[in-house]
Amino acid sequence: LVSHCLRACEPLPERPSHCVVNVTTGGRCATRRSRRRAAVARAHDKSTSAASTRLVMRALLLLVSVQALAPNRRTFLVATAGGAASASASTDGAVREISLGEAVKAIITDGNPDWVRAVVQAGFIYRGVAEASPTLRRDPYDLYSPATYNSARAATYFRSLDAALDKIKAPGPRARTAHLAVANAEAAAQWGTAASIWPLGSISYAWGPTAFWPTKDRAITVAESLRVDEGLADCIRDGREVLYACDASIAVPRSLEPSLRAGLGLL
């Protein structure tokens, strides 16, 4: 009993000076409201944290899905590269049909930045292809072949153009290891299904004449007038041809262009 009385007589611990208890009816109501607000705030914080976690997970999943095509593309390129390009025109090539989603991912992750930038500024560049669906492609080099333009003179001209470029030590692509595209869908459609072209990785390009063939200009004249690795948006606005060299490219038929624009955010 004495022990109990002594404990009862011990002074109560002091409250910090900033903790003031309001024992009035209004004070108790205010305290309850404050507690409810604190509980709501804690619940909100937990909800926000969970939402943030979900967003991070979605972003990670998107990153994984966007990168998913890259190993396949690299495997495809290794399988189709066939070694270094020779001085003669290569007739080897490979084309693989892919989905539009895969095409969009490849353009976003591996599309050449300069090419994409010019396309966004000025419009698409096309080639005529045989396929009616998106493709990942390494086309054969055919500008040295008389069959391409059904003209031996055309094949001779492109050989002469390369010789002229070599002679003046000009930078940029050579016809023996390059392709032609044109910023005009109707012109591309003369060669097959008009498809926008998206080179992957590093590229080199040159442009100047409205069309490289047919032409009345001498090869040396054209060689000396080419613009190399610059002004691609101007080339597109003028509707001209461009000679370009790359390891591989994506081609998307013009019929799918609205969906492609939506996928790339170009609407």
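The shown structure was predicted, so the numbers you read here are calculated from the model rather than taken from an experiment. (Residues numbered from 1 in each chain as written. Predicted model: local features only at pLDDT ≥ 70, side-chain atom pairs only at ≥ 80, totals over all residues. Heavy atoms only, no water.)

### Here's the deal with the pattern of salt bridges
Applying the stated criterion to the full structure yields 12 salt bridges. Between D166 and R176 there is a salt bridge, with its nearest N and O atoms 3.5 Å apart. With a gap of 10 residues between them, D166 in helix α6 (residues 152-167) and R176 in the loop between α6 and β4 (179-182) connect regions that are remote in the sequence. Of the charged contacts, one joins R227 and D234 as a salt bridge, the two residues approaching to 3.8 Å between their closest N and O atoms. Each of D162, D166, R174 and R176 takes part in salt bridges that share partners, so that together they form one network. (Salt bridge = Lys/Arg side-chain N within 4 Å of Asp/Glu carboxyl O. Helix = DSSP H or I, 4+ residues; strand = E, 2+ residues; numbered from the N terminus.)

### Looking at the nonpolar core
W115, L232, V242 and I250 are the most contacted members of the largest nonpolar core, which has 37 residues in total. The set of elements that each furnish at least two residues to this core consists of α4 (100-110), α5 (113-122), β2 (126-129), β4, α7 (185-188), β5 (193-207), α9 (232-237) and β7 (241-253). Take this core: its biggest share by element is eight residues, from β5. Sequence-distant contacts of I250, that is, excluding residues within four places in its chain, are made with I98, A103, A106, I107, T135, L136, S196, I197, W198 and L200. Judged by nonpolar contacts, the second largest core, of 22 residues, contains Y157, L161, A206 and F212. (Core = buried A, V, L, I, M, F, W, Y, C linked by side-chain atoms within 4.5 Å. Buried < 20%, exposed > 50% of the residue type's maximum accessible area, 1.4 Å probe, protein only. Contact = heavy atoms within 4.5 Å.)

### Brief notes about the packing of aromatic side chains
Inspection of every chain in the model, using the stated rule, returns seven aromatic pairs. Measuring from ring centre to ring centre gives 6.4 Å for F124 and Y126, while their planes differ by 55°; the resulting arrangement is tilted. Taking relative accessible area as the criterion, F124 reaches 6% and is therefore assigned buried. Classification of Y126 as buried rests on a relative accessible area of 7%. Each member of the aromatic cluster is reached from another via a ring pair, and the members are Y149, Y157, F158, W191 and W213. (Phe/Tyr/Trp six-rings, centres within 6.5 Å; stacked < 30°, edge-to-face > 60°.)

### Points about empty space enclosed by the protein
To locate leftover empty space, one rolls a probe as large as a water molecule over the atoms. Applying the stated criterion across every chain yields a total of one cavity of 30 Å³ or more. Lining the largest cavity we find R137, R138, D139, Y141, H179, Y244, C246, D247, A248 and S249. For the lining of the largest cavity, the secondary structure elements donating two or more residues are β3 (135-138) and β7. Of all the elements, β7 adds the most residues to the lining of the largest cavity, at five residues. For the lining of the largest cavity, the per-class residue count stands at four nonpolar, two polar and four charged. (1 Å grid on protein atoms, 1.4 Å probe; cavity = no way out; pocket = protein on both sides within 12 Å on 5 of 7 lines; lining within 4 Å. Points joined across faces, edges and corners; volume = space filled by probe spheres on them. Nonpolar A, V, L, I, M, F, W, Y, C, P; charged D, E, K, R; others polar.)

### A look at the layout of surface pockets
Here the largest pocket is characterised by a volume of approximately 610 Å³. Every residue lining the largest pocket is counted, 26 residues in all, and those nearest its centre are R127, G128, Y149, L180 and W191. Elements with a contribution of two residues or more to the lining of the largest pocket: β2, β4 and α7. By residue class, the composition of the lining of the largest pocket is 14 nonpolar, seven polar and five charged.

### Concerning the pairing of β5
Most of β5 sits inside the fold, with 12 of its 15 residues counted as buried. As judged from the four bridges shared by β2 and β5, these two strands associate in the antiparallel manner. When the bridges of β5 are listed, G128 appears paired with A194. By the bridge criterion, 11 bridges tie β5 to β7 in an arrangement that is antiparallel. Residue pairing across strands places S196 opposite V252, the latter belonging to β7. Sheet topology note: the β5/strand β6 (residues 227-228) ladder contains two bridges and is antiparallel. Note that in β6 the partner of W207 across the bridge is R227. (Pairing = 2+ DSSP bridges.)

### What about the confidence of the model for the chain?
Of all residues in the chain, 66% attain a pLDDT of 70 or more, and the chain-wide mean is 80. Here residues 1-9 scores under 50 on pLDDT; set against residues more than four positions off or in separate chains, the count is zero contacts. Counted against residues more than four places away or in other chains, residues 51-91, with its pLDDT under 50, gives 33 contacts. (pLDDT = per-residue confidence, 0-100.)

### Focus on the environment of I250
In this fold, I250 is placed in strand β7. Residue I250 is classed as buried on the basis of its relative accessible area, which comes to 0%. Remark: the alpha-carbon pair of I250 and I197, spanning 53 residues in sequence, is separated by 5.8 Å.

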